[in-house]
There are 6 protein chains.
Amino acid sequence: MISRPDLPSLPRNIVDAAVRAALDEDLGLVGDITTNATVPSGAFAQAVIAARKPGVVAGVALAEAAFRAVGSDVSIAIEIDDGKTVKPGAVIARIAGEARTLLTAERVALNFLGRLSGIATLTRRYVDAGAGTPAKIVDTRKTTPGLRALEKYAVRCGGGYNHRVGLFDAVLIKDNHIVAAGSISAAVRAAKVAVGHMTKIEVEVDTLAQLEMVMREKVDCVLLDNMKPAELSKAVKIVAGRCLTEASGGVSLETVREIAQSGVDLISVGALTHSATVLDLGLDFIASPNQAVIEA
Amino acid sequence: MISRPDLPSLPRNIVDAAVRAALDEDLGLVGDITTNATVPSGAFAQAVIAARKPGVVAGVALAEAAFRAVGSDVSIAIEIDDGKTVKPGAVIARIAGEARTLLTAERVALNFLGRLSGIATLTRRYVDAGAGTPAKIVDTRKTTPGLRALEKYAVRCGGGYNHRVGLFDAVLIKDNHIVAAGSISAAVRAAKVAVGHMTKIEVEVDTLAQLEMVMREKVDCVLLDNMKPAELSKAVKIVAGRCLTEASGGVSLETVREIAQSGVDLISVGALTHSATVLDLGLDFIASPNQAVIEA
Amino acid sequence: MISRPDLPSLPRNIVDAAVRAALDEDLGLVGDITTNATVPSGAFAQAVIAARKPGVVAGVALAEAAFRAVGSDVSIAIEIDDGKTVKPGAVIARIAGEARTLLTAERVALNFLGRLSGIATLTRRYVDAGAGTPAKIVDTRKTTPGLRALEKYAVRCGGGYNHRVGLFDAVLIKDNHIVAAGSISAAVRAAKVAVGHMTKIEVEVDTLAQLEMVMREKVDCVLLDNMKPAELSKAVKIVAGRCLTEASGGVSLETVREIAQSGVDLISVGALTHSATVLDLGLDFIASPNQAVIEA
Amino acid sequence: MISRPDLPSLPRNIVDAAVRAALDEDLGLVGDITTNATVPSGAFAQAVIAARKPGVVAGVALAEAAFRAVGSDVSIAIEIDDGKTVKPGAVIARIAGEARTLLTAERVALNFLGRLSGIATLTRRYVDAGAGTPAKIVDTRKTTPGLRALEKYAVRCGGGYNHRVGLFDAVLIKDNHIVAAGSISAAVRAAKVAVGHMTKIEVEVDTLAQLEMVMREKVDCVLLDNMKPAELSKAVKIVAGRCLTEASGGVSLETVREIAQSGVDLISVGALTHSATVLDLGLDFIASPNQAVIEA
Amino acid sequence: MISRPDLPSLPRNIVDAAVRAALDEDLGLVGDITTNATVPSGAFAQAVIAARKPGVVAGVALAEAAFRAVGSDVSIAIEIDDGKTVKPGAVIARIAGEARTLLTAERVALNFLGRLSGIATLTRRYVDAGAGTPAKIVDTRKTTPGLRALEKYAVRCGGGYNHRVGLFDAVLIKDNHIVAAGSISAAVRAAKVAVGHMTKIEVEVDTLAQLEMVMREKVDCVLLDNMKPAELSKAVKIVAGRCLTEASGGVSLETVREIAQSGVDLISVGALTHSATVLDLGLDFIASPNQAVIEA
Amino acid sequence: MISRPDLPSLPRNIVDAAVRAALDEDLGLVGDITTNATVPSGAFAQAVIAARKPGVVAGVALAEAAFRAVGSDVSIAIEIDDGKTVKPGAVIARIAGEARTLLTAERVALNFLGRLSGIATLTRRYVDAGAGTPAKIVDTRKTTPGLRALEKYAVRCGGGYNHRVGLFDAVLIKDNHIVAAGSISAAVRAAKVAVGHMTKIEVEVDTLAQLEMVMREKVDCVLLDNMKPAELSKAVKIVAGRCLTEASGGVSLETVREIAQSGVDLISVGALTHSATVLDLGLDFIASPNQAVIEA
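Computed from a predicted model, the values in this text were never measured in an experiment.

Caption draft 1: Spotlight on the overall build of chain A. In terms of regular secondary structure, chain A is built from 12 helices and 12 strands. Each principal axis of the C-alpha distribution contributes one length, and for chain A these read about 75 × 40 × 40 Å. Residues counted as buried form 64% of the 296 residues belonging to chain A. Considering only contacts in chain A between residues 6 or more positions apart, those separated by 24 or more positions represent 71%. For chain A, the accessible area works out to roughly 10500 Å², and carbon and sulfur atoms hold 51% of it. Treating the 32 positive side-chain charges of chain A as one cloud and the 33 negative ones as another, the clouds have centres 6 Å apart.

Structure (structure tokens):
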């Protein structure tokens, strides 16, 4: 019996590199000059990361890594794991350690956790809007430059699924590829010759006529671009299970349910990553640096 | 007579490094397998980057750098500079070059341009909301990890101003620093001893009582945290021009005008960078790869 | 009509980074002390890269990049492209430029070209051995650490095909994954839940009994591990076109034809990358540095 | 009394950087998707790295580093050290830890260990072929780009010796340097002026006439290029101990003994690094992930 | 009551990166070949870092990091902290660990500690020369390329203060900026428009006439370039506390006191970093490697 | 006839990496805020780098690379090459280009050129002090961390020679190595076994008795540590040309001539790199930004 892994693992080097880059830009050459000037190096403190708004948590490993990268002696207890929902006031993590470390790492930790949780939260809203239909909500390549691995992970935390990671791991033939290749058929066949047997092929179509042409080739998925729900339903019937169907374009929280009811397998939503806003979180000190020092 | 520089320069190494990282994550070890399979290496194409929604442009240098990093022979004409407003359909840039280059770099170019323009557009809305008041709209450190330089530049493109860059270039004394130092006075004096003469000092206060205590020290700016407009007006009167006043917390497009009318010098808005959504842009091919090849 | 791309493109940043690393280790902190001491900086030279043994060329872009990284004014004409066969004495490239540049970059250029051509040459021998059968020769992850992108490209130059690039772009369920998951069925289903819709799934089996179990799930490919040709034929019949079949293990130039005749779709050969030897190449000066200087 | 160090130390940063690069290319942005989907994060396992073929071990530190870089809690016991011979079935190392770690790091660990052991094994065969003669077997700069430090270490593990590391740590004057400098004498003198007193100088000659010219200068070593054994013997007599003699070119396992008997001090063999094939090794699980979890 | 932090913290990543780069250049691809050949890997040793000349200590964290980066088991006790004075013979740190580690890291550790202590020592001499006056001694951007953070820290250890870190954290308007902007007034106003409210502005003047023009604008500091003490006194009177005054140019240990007595707030001294010589330090073994091994 | 290369070449990647690091630390995330605010982007300027004090030039390539890295259109003419002497007022280089580029790169360019020229100048003083004797002045590993390649090049520009580059390219057996190995003889023999045939071996001795022991082994050089001139003369006689002799320790401009007259081959001087002060240089605008813009 296997405990089914609900979430992918974030490779450790991805986490470490992202946190390192964020700290480098915040600390510069001279570090946190305010904290170093005002907080004695012997002072300890305790704090919690708490939600200010409801949402779905994603990225606790990054927050943890931020504190540990600044001060090696900090102890962190994660109270709410990635993928779980939080209500306002919920404590996501408890941190204890040198007061300087907590103050210096605070913003980087919150910037990661807030952003990724924002993506997870928005994803969950799309997933919930399509609940009861077979359609999966999937992300796109419209991610923040440099943070794709983290943002695709956040989509999973929100209950969504991942489309291809980049230009390298799957084929997605769009209109300009077809024009350049001469025809849908020529493009698909060129792709089959070029890529390995472990690489899937998807073709984008704008019309049902194009869809018919794609169906003459064997592909893994067809992207139905900017079709209305009624047209999507027709497309699903034409495909008839011969490959996966993906609706894309014009998807919003208002339209997603109707699109999902068309019977498509997948709905890709750029907004998951390009238009999520931050989940409001805060770091609250439960033992002030000063008190802690007295107790220590 | 000097042509006043409306916008800061983006250091070239910042642009190059950001573009390089974004391309690395999109291309992986094997590149754009779809384009390489379907588009002949001899085909040329022309395209435009066009706005789909109204907004303010920011980041054309990044889009340009993305195309150039993929294919050295591409030619790019910027039609609308950073900081200018666009209407739907407006052409921001014209690109001509190898069709493979245009297709491979498209997403990275748009991801940068869309995100930064989104920040500039939201900033402009805040600036417009406060128009006619003396208050400047300023950003915070609530930026996307790894993209702070770019995002702070985008705020400038939208007509906003920049707060400190990181923890290293200015002092901002908050409540926990004060607790650790023992008093507002002790914290300010410790900071003055510690930092250089070219470093400014700001102190955060929650109440007018704290403000009075800050005024006993000479500081460059006081951050008035989460105060209502009426309280802000009182604070401005207490300060009486002895230092700059910054309102922070609870700022939204609905509240910003009333806050601005309190007389504060600055209003810092985390949302500029943590809750901007992308400006909708697209790459439209005006000469298809195939046609271009015939003409070439 | 599209000129079918026979070969994938090597991403420019992959080439540049590999060449940079190779030059760094050969030049150290002080460079080519022999050449700098003995060759005047004004001397020009011409040379050819010529094959000493028959084989298949792969990696001319790396050789070219090596010379250009050392001296920006060098001119290089590629006479024989990647993927072409050469006989002893054949001129692969002609290089003209500063004599110092040619001498300093020579070894790095030849190390790349010789090694990648060695892989292409060995691949071609496997491909030729299976000629006339439907089986494709594919590589494995048994590549030189740090050079996977280049070596997989060389396999393509030799007429082979690429298996998954790494652990990230396709699922390959092996015996230990099955043990951990509890059963073949549990492992396949767990993978389908976890990975995106653009990710293929392959399962490794040792016996026909296991193969029957895999066939109850829908997978993209089955890896038939260490089976004799007769057993492979039975496996191909059991699969009956429901997915791809890949033979693996115990493949040599002696056995590959018989394996290919079993009807499998793919034969993966670790030796392509882990046991190829270098193709013997040399840099021959056709105008000595001294003569060139006189003529210049 | 000193325990003579049979082997050089591999600098820790060289090992770490090589392992990091290899893992980066194998894990990409999303890691080992198969293992993460099928193996529960709580499962432990034990495995051995065992030889499948006879050979000489080299690179256990890299295998160890690969496992540790993936999972910090793994324990590793090296049973057979670098430089020792193994028979088929011999256990080189025992590894215990999280099953995910063992499965994810397996290929990188084996790729390093197999390649370096392959070089050590081939080196040992050359060394054994020349046993009883005074000639040392030495490597060349014909190493895999990016892995020179590791491969030169592997040559030492096989009983060979190292020639210069790169272009920077010793002078080797070849024919084109001589042409450029005007004469052997001019080249040697230019080198002596240019390089420091701790840098050795070697000159390559093709004929005994050239050798006589070299002997008029004081050099540390002379490289006798592509000479037959009889000519080598004459060269050794001409040199008469005034400097070291190195045979190079046309060296194979068949010819090395006769060359060694010519009396040369050194025989350099490019094949050690450019034509070694991998030593066949495997990772065998001795406690399956599932059993381990039950016992834990 | 706060224990006033006399010294800034050196960000950990700055220390680690500097030590890593220094070790990389000293160890190359093959490490400390002398120590590895002559010192058995089992030998332990103890040593002290002792001052040979009087001075002020700076950089013990870098020395410590150097030893730890080479061998993880070394133990280090800092006897004299940064900022403290030492007499010849004083023990700054005690180190115990593997003899190989101590010998291999010795030079890098001493190079950092000697150089930074040299800067601190020279700074202290300038500070002492101005003792009793209100003038602070401050550094400049004339630092060793790549080591600015460390050298500015060393200035603090010597009792000096830091001017701006780089071109990015404060405005310093010099003569050519004024020429380009058209006037002092135009330059100052352009700067105020361009930079954030947390950025200070300083203007350089050569004459009292220019100073008068600067005084019509509100600036944070005025740099009085190459003025004699008498002229400086006049300048201080003109400024009359409206901003800080900084003397610069022609400052030496002979002239600094007279300059300080002019009443300026700050004296910037390029020599602190561009002309400091190393503080003479040594590593003395108190238990030889051999003895240690016997005792172990 | 060969134009004898007086100076080694600085590898291009060393120059580029050093300049990049220096610019990164000076420009931070937002660049030269003063210049960008006050100098219009269309303004051109001309400037010269001129010597303020007499000395020897070293590092013009770094100054040139600094300007080019900031602005690609700058034109630079080197008037005085590395290794040449300059008098006060001498123009070393002429630079023309965008005024912003000249102002932004100025400090980094001067920091490199001033520091390296300072080393070359001090080296020349030592070389001149020993003129007429056979002794060569050589450097040590007491270089600025991270800048060893550049500083060793500067020593060459001053007429000095280079000792080993790092711990990796030559053996230098010191007292603690001897203690660990058990005896001088054991240490030398261990080194000979361990290192390649292209690696030289030097042994440090404190007494003539030790020297006699070293002479029983064949080594390339002997380091005579802290011996007085008379003792050095005796040592030279004992060695009698069997290897090189190097005097080290207690060398100053006052003592170097007498040491050189002892007949030693080499005198190593740590001060060349650890105690050189900057050569005073300046960037003088010969056409102000404003005038240039008018003319352009």
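Now that the structure has been shown, the text picks up again.
Caption draft 2: Focus on the relation of the copies chain B and chain A. You can overlay chain B on chain A at an RMSD of 0.0 Å; the transform is a turn of 180° with a shift of 0.0 Å along its axis. Considering both components of the superposition, the chain copies are consistent with a two-fold axis. Most of the interface of chain B is mirrored in chain A, where 100% of its interface residues again form contacts.

Caption draft 3: View of helix 9 (residues 229–239) of chain A. Residue and element names in this part refer to chain A. Those residues of helix 9 not exposed but buried are P229, L232, A235, I238 and V239. The arc that holds the buried residues of helix 9, viewed along the axis, is 170°, so those residues lie on one side. Residues of helix 9 that are exposed and point more than 90 degrees away from the buried face comprise A230, K234 and K237. Of the surrounding secondary structure, the elements contacted by the buried residues of helix 9 are helix 8 (208–215), strand 9 (221–225), strand 10 (244–248) and helix 10 (256–260).

Caption draft 4: Summary view of the domain arrangement of chain A. Residue and element names in this part refer to chain A. As assigned here, chain A comprises domain 1 (12–121 + 280–286) and domain 2 (130–274). Between the C-alpha centres of domain 1 and domain 2 there is a distance of 36 Å. Listed by partner, the interface residues are 13 residues for domain 1 and 10 residues for domain 2. Carbon and sulfur atoms make up 80% of the area that domain 1 and domain 2 hide from each other, which totals about 850 Å². In this structure, the connection of domain 1 to domain 2 is made through zero salt bridges. For the pair domain 1 and domain 2, the number of links is one residue pair in polar contact (both at pLDDT 80 or more). Taken together, the elements giving at least two residues each to the side of domain 1 that touches domain 2 come down to helix 1 (12–27) and helix 4 (99–129). Broken down by element, the side of domain 1 that touches domain 2 gets its largest block of residues, four residues, from helix 4.

Caption draft 5: Region of interest: the interface of chain B and chain A. Chain B puts 59 residues into the contact, and the matching count from chain A is 59 residues. Per-residue buried area on chain B facing chain A is highest for E25, P145 and L167 of chain B; these three make up 14% of the total on that side. Here chain B is connected to chain A by four salt bridges. Taking the shortest distance from any N to any O, the salt bridge between D26 of chain B and R141 of chain A comes out at 2.6 Å. Between the two partners, chain B and chain A, sit 28 residue pairs in polar contact (both at pLDDT 80 or more). Where the side of chain B that touches chain A is concerned, the elements lending two or more residues are helix 1 (12–27), helix 2 (33–38), helix 4 (99–129), strand 7 (171–173), helix 6 (175–181), helix 7 (184–194), helix 11 (271–274) and helix 12 (289–295) of chain B. A total of six residues in the side of chain B that touches chain A trace back to one element, the largest contributor, which is helix 4 of chain B.

Caption draft 6: Main features of the sheet that holds strand 9 (residues 221–225) of chain F. Residues and elements named next belong to chain F. On the basis of which strands lie adjacent, the open sheet formed by six strands has the order 6-11-10-9-8-7 and parallel pairing. Unpaired on one side and paired on the other, strand 6 (136–138) and strand 7 (171–173) mark the two borders of the sheet. Strand after strand, the sheet turns through a mean of 25° between neighbouring axes, direction not considered. Here strand 8 (residues 201–205) runs beside strand 9; their pairing, made up of four bridges, is parallel. Looking across to strand 9, one finds that V203 is bridged to V222. Sitting on the sheet, helix 7 (residues 184–194) is in contact with strand 7 and strand 8, with an inclination near 165° to strand 7.

Caption draft 7: Geometry of the interface of chain D and chain E. Taken together, the 10 residues of chain D in the interface contact 17 residues of chain E. Approximately 1100 Å² of surface area, both sides summed, lies buried where chain D meets chain E, with 54% of it carried by carbon and sulfur atoms. Where chain D touches chain E, the interface holds zero salt bridges. Applying the counting criterion to the chain D and chain E interface returns four residue pairs in polar contact (both at pLDDT 80 or more).

Caption draft 8: Quick peek at the packing of aromatic side chains. By the definition in use, this model includes three aromatic pairs over all chains. If you follow K136 of chain B out to its NZ or CZ, it ends over the ring of Y161 of chain B, 4.4 Å from the centre.

Caption draft 9: Looking closely at unusual backbone geometry. If you check the backbone angles, A240 of chain A has positive phi at about 55° while not being a glycine. Relative to the assigned elements, A240 of chain A resides in the loop between helix 9 and strand 10.

Caption draft 10: Region of interest: the packing of helix 1 (residues 12–27) of chain D against helix 3 (residues 60–70) of chain D. Residues and elements named next belong to chain D. At a minimum axis separation of 9 Å, helix 1 and helix 3 run at an interaxial angle of 60°. Considered as vectors, helix 1 and helix 3 are oriented oblique to each other. The crossing of helix 1 and helix 3 is right-handed. In this structure, helix 1 uses V15, A18, V19, R20 and L23 to contact helix 3, whose residues at the interface are A61, L62, A65, A66, A69 and V70. Here the contact of helix 1 with helix 3 is built from residues that sort into 10 nonpolar, no polar and one charged.

Caption draft 11: Here's a closer look at the pairing of strand 5 (residues 91–98) of chain F. Residues and elements named next belong to chain F. Direction of pairing for strand 1 (residues 44–51) relative to strand 5: antiparallel, over a ladder of seven bridges. Bridge pairing links A47 to I95 in strand 5. Two elements, strand 3 (residues 75–78) and strand 5, share four bridges in a ladder whose sense is antiparallel. The partner of I78 across the bridge, within strand 5, is A93.

Caption draft 12: Main features of the relation of the copies chain D and chain E. With an RMSD of 0.0 Å, the fit of chain D onto chain E corresponds to turning through 120° and sliding 0.1 Å along the axis. Look at the turn and shift together and you get a three-fold axis relating the two. Closest to the rotation axis within chain D is the C-alpha of A17 of chain D, separated from it by 8.2 Å.

Caption draft 13: Representation of the sheet that holds strand 6 (residues 136–138) of chain C in the model. Residue and element names in this part refer to chain C. With parallel pairing, the six strands of this open sheet are ordered in space as 6-11-10-9-8-7. In this open sheet, the two strands that pair with only one neighbour each are strand 6 and strand 7 (171–173). Shown here is a sheet whose adjacent strand axes are inclined to one another by a mean of 25°, direction ignored. Where strand 7 lies against strand 8 (residues 201–205), three bridges are found, and the strand directions are parallel. Of the residues in strand 8, the one forming a bridge with V171 is I201.

Caption draft 14: Region of interest: the pattern of salt bridges. Evaluation of the coordinates by the stated rule reveals 48 salt bridges over all chains. As a salt-bridge pair, D26 of chain D and R148 of chain C come within 2.5 Å of each other at their nearest N and O atoms. Taken together, the residues D26 of chain D in helix 1 and R148 of chain C in helix 5 (residues 148–157) connect one chain to another. For K152 of chain F, the salt bridge goes to D139 of chain F, with nearest N and O atoms at 2.8 Å. Within this pair, whereas K152 of chain F is found in helix 5 (residues 148–157), its partner D139 of chain F is found in the loop between strand 6 and helix 5, the two being separated by 13 residues in sequence. Its relative accessible area of 1% is what places K152 of chain F among the buried residues. Since its relative accessible area comes to 1%, D139 of chain F is described here as buried. One network of salt bridges, in which partners are shared, links D26 of chain A together with R141 and R148 of chain B.

Conventions used here
- Residue positions are given per chain, counting from 1 as you read along its sequence in written order.
- Chain letters start at A and ligand numbers start at 1, both assigned in the order the entries are written.
- In keeping with the model being predicted, local features are shown solely for residues with a pLDDT of at least 70 and side-chain atom pairs are shown and tallied solely at 80 or more, while totals for entire chains, interfaces and linings include all residues.
- With hydrogens and water set aside, each side-chain value is computed from the structure's full complement of heavy atoms.
- By definition, any uninterrupted DSSP run of H or I lasting at least four residues is a helix, any uninterrupted run of E lasting at least two residues is a strand, and each is numbered from the N terminus.
- Between buried and exposed lies partly exposed: a residue is buried under 20% and exposed over 50% of the maximum accessible area for its type, with that area taken using a 1.4 Å probe on protein chains only.
- Between two residues, a contact is recorded if the distance between any of their heavy atoms is within 4.5 Å.
- Only the protein chains shown count as cover for residues, and the accessible areas themselves come from Shrake-Rupley with a 1.4 Å probe.
- Within this scheme the basic residues Lys and Arg register as positive and the acidic residues Asp and Glu register as negative, but His and the chain ends are omitted.
- Charged groups are reduced to one reference atom each: NZ for lysine, CZ for arginine, CG for aspartic acid, CD for glutamic acid.
- Superposing copies: least-squares fit, C-alpha atoms only, residues required to have pLDDT of at least 70 in both.
- The arc in question is formed by the directions pointing from the helix axis toward the C-beta atoms.
- Start and end positions for the domains come from either an automated domain assignment or a database one.
- Summed over both partners, the accessible surface that disappears when two parts come together, traced with a 1.4 Å probe, is what is meant by buried area.
- Between Lys or Arg on one side and Asp or Glu on the other, a salt bridge is scored when a side-chain nitrogen of the former is within 4 Å of a carboxyl oxygen of the latter.
- As used in this structure description, the phrase polar contact means that two N or O atoms lie within 3.5 Å; if the pair is within protein, one of them must be able to donate a hydrogen and the other to accept it, and residues adjacent in sequence are counted only when both atoms belong to side chains.
- One requirement defines pairing of two strands: DSSP has to find at least two bridges between them.
- Helix axes are fitted only over the stretch in contact, all axes being lines through C-alpha atoms; the angle between N-to-C directions runs from 0 to 180 degrees.
- Only Phe, Tyr and Trp rings are paired, with Trp represented by its six-membered ring, and only when their centres lie within 6.5 Å; those with planes under 30 degrees apart are stacked, over 60 edge-to-face, the remainder tilted.
- Here, a charge over a ring is recorded when the distance from Lys NZ or Arg CZ to the ring centre is within 6 Å and its angle to the ring normal is within 35 degrees.
- Angles below 35 degrees are treated as roughly parallel, those above 145 as roughly antiparallel, those between 65 and 115 as roughly perpendicular, and all remaining angles as oblique.
- Take the far helix as the reference: if the near one is turned anticlockwise from it by less than a right angle, the crossing is left-handed, and if turned clockwise, right-handed.
- Charged residues are taken to be Asp, Glu, Lys and Arg, nonpolar residues to be Ala, Val, Leu, Ile, Met, Phe, Trp, Tyr, Cys and Pro, and polar residues to be all remaining types, Gly included.

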